[in-house]
Amino acid sequence: MTGESMTWVQALVLGLVQGLTEFLPISSSAHLRIVSGVFFGDDAGASFTAVTQLGTEAAVLVYFAKDIWRIVQAWFTVLFRKVNAVRETVPITDQVTTRLPVITSAEADRYFDEEAQRQLDYRVGWYVIIATIPIGLIGYLLKDEIRTAARNLWLISFMLIAFALVIAAAEYYGRKLRPIEQLTTRDGLVMGFAQCLALIPGVSRSGATSSAGLFLGLTREASVRFSFLLAIPAVTASGLFSIPDAFKPAGEGLNASGPQLLVATVLAFFVGYASVAWLLKFVAKHSLNWFVGYRIVLGLVMMGLLAGGVVSAT
C-alpha cells in the first residue's frame, strides 16, 4: 500500500524541525515522528529522517572542518610514522650514535604543543573509528525494526521521559572534571555503545553519548564535542544507505519527492549549523537539565493524546 504524497509545506516544516532538534538532547527522530503524526496525520518515515540528517551532519562537517581536517591529517601522519618506525627498527648494537641538536626552550615548547595536539587528534580519530563499530553492526541487524516497531508513538513518548531521567542523573552524578585531552579508549567504547540507544526514536543521539561522557567524568563541553564528532560516520552512512528507499517511496506514510527531500535537507543544513553553534556556547555555561523538563512534558502530553485517541500510535 502506497502512502500519501508529502506537500511542500510538510517538507519545509519537517526540514526545519530536523535542523532545530538534531543536536539538542531531545531526539530529532522523535520530533519528526511526532510533528508528522500530530499535525500531518501520518509518519514521514525513517528514510526521510535519515536522509535529512545528511543536511545536519554536513553542518557539523562545515562547523568542525578545521578540527576534522586536523584529526584526519594527524591520524595518517602518526599512523605512517608508527608503521615506518617498525619497518626501520634495527638491533640496538647496529644503531648509529649521533649528537642531538640543540633546541632552545621556546622551540621545545612549540614542538611539544604541536606534537601533543597531533597525538591527541590521532587518538580521537581512533576513538571515533572504534566507537562507530557497535552502531554500525546493531543498526544493520535491526534495520527493519528501526523502520517499523521503533516508530510507535507510545514507545517514543516513554523513551522521551525515561531518558530525560538518565540525562538528569548524568548531570547530577557526573564529576565533569576531565577535558577532551584525557579521553581514553574506554571512553570512546562506552560512548559508542551509548550511541546505539539512539536507534530508538526518543532517546537522542547527543543525549545518549553526552550523558555517557558525563557519567565517565568528562566535562560537559568535552562530552558534547566528542558526541558531535562521533555522530558523523554513523549518521552519514545511515543517510546514504537510506537514499534509495527515500527517493523511491513505496510504503505507507508520507512520501516525499526527490526535490522535496533535497530542499528539506538543505534547510536542515542551515538551521543545523546555527543550532550546533548555539548549543556549544550554551553547554559551556548551562547544564543539560534545561532539556530534561521539556522532554518530560512532551512525553506526558503525547501519552495523553494517545490515551485519548487524538493521535494514532502507528
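Before reading further, recall that the structure is shown in the block above.
Residues numbered from 1 in each chain as written. Predicted model: local features only at pLDDT ≥ 70, side-chain atom pairs only at ≥ 80, totals over all residues. Heavy atoms only, no water.

Here we take up the pattern of salt bridges. Pairs can form between side chains of opposite charge once their charged atoms are near each other. Inspection of every chain in the model, using the stated rule, returns ten salt bridges. Between Arg 70 and Asp 67 there is a salt bridge, and its shortest N-O distance comes to 3.8 Å. Of this pair, Arg 70 and Asp 67 are both found in helix α4 (residues 65–87), three residues apart, which corresponds to roughly one turn of the helix. In this structure, Asp 187 and Arg 178 form a salt bridge, with 2.3 Å as the shortest nitrogen-oxygen distance. A single burial state applies to Asp 187 and to Arg 178, both of which are buried. Counted as one network, the salt bridges with shared partners bring together Asp 67, Arg 70, Asp 121 and Arg 225. (Salt bridge = Lys/Arg side-chain N within 4 Å of Asp/Glu carboxyl O. Helix = DSSP H or I, 4+ residues; strand = E, 2+ residues; numbered from the N terminus. Buried < 20%, exposed > 50% of the residue type's maximum accessible area, 1.4 Å probe, protein only.)

Throughout the structure, instances matching the rule amount to twelve aromatic pairs. Taking the centre distance of 4.9 Å and the plane angle of 90° together, the rings of Trp 75 and Phe 76 count as edge-to-face. Classification of Phe 76 by relative accessible area gives partly exposed; the value is 41%. (Phe/Tyr/Trp six-rings, centres within 6.5 Å; stacked < 30°, edge-to-face > 60°.)

Topologically, Thr 52 is positioned in helix α3 (residues 46–63). Only 3.0 Å separates the side chain of Thr 52 from the backbone oxygen of Thr 49, close enough to count as a polar contact. The contacts of Thr 52, once residues within four sequence positions are left out, are Gln 18, Leu 32, Leu 261, Ala 264, Thr 265 and Ala 268. (Polar contact = N/O pair within 3.5 Å; in protein donor to acceptor, adjacent residues only side chain to side chain. Contact = heavy atoms within 4.5 Å.)

Val 124, Phe 226, Phe 228 and Leu 279 are the most contacted members of the largest nonpolar core, which has 42 residues in total. Mapped onto this core, the elements with two or more residues apiece are α4, α5 (105–141), α7 (153–173), α8 (185–196), α9 (205–215), α10 (220–247), α11 (258–283) and α12 (289–307). It is α10 that provides the largest number of residues to this core, a total of seven residues. Beyond its immediate chain neighbours, meaning those up to four positions away, Leu 279 contacts Phe 23, Leu 24, Val 224, Phe 228 and Phe 291. In terms of nonpolar packing, the next biggest core, distinct from the first, is built from 13 residues, Leu 14, Val 17, Ala 256 and Ala 264 among them. (Core = buried A, V, L, I, M, F, W, Y, C linked by side-chain atoms within 4.5 Å.)

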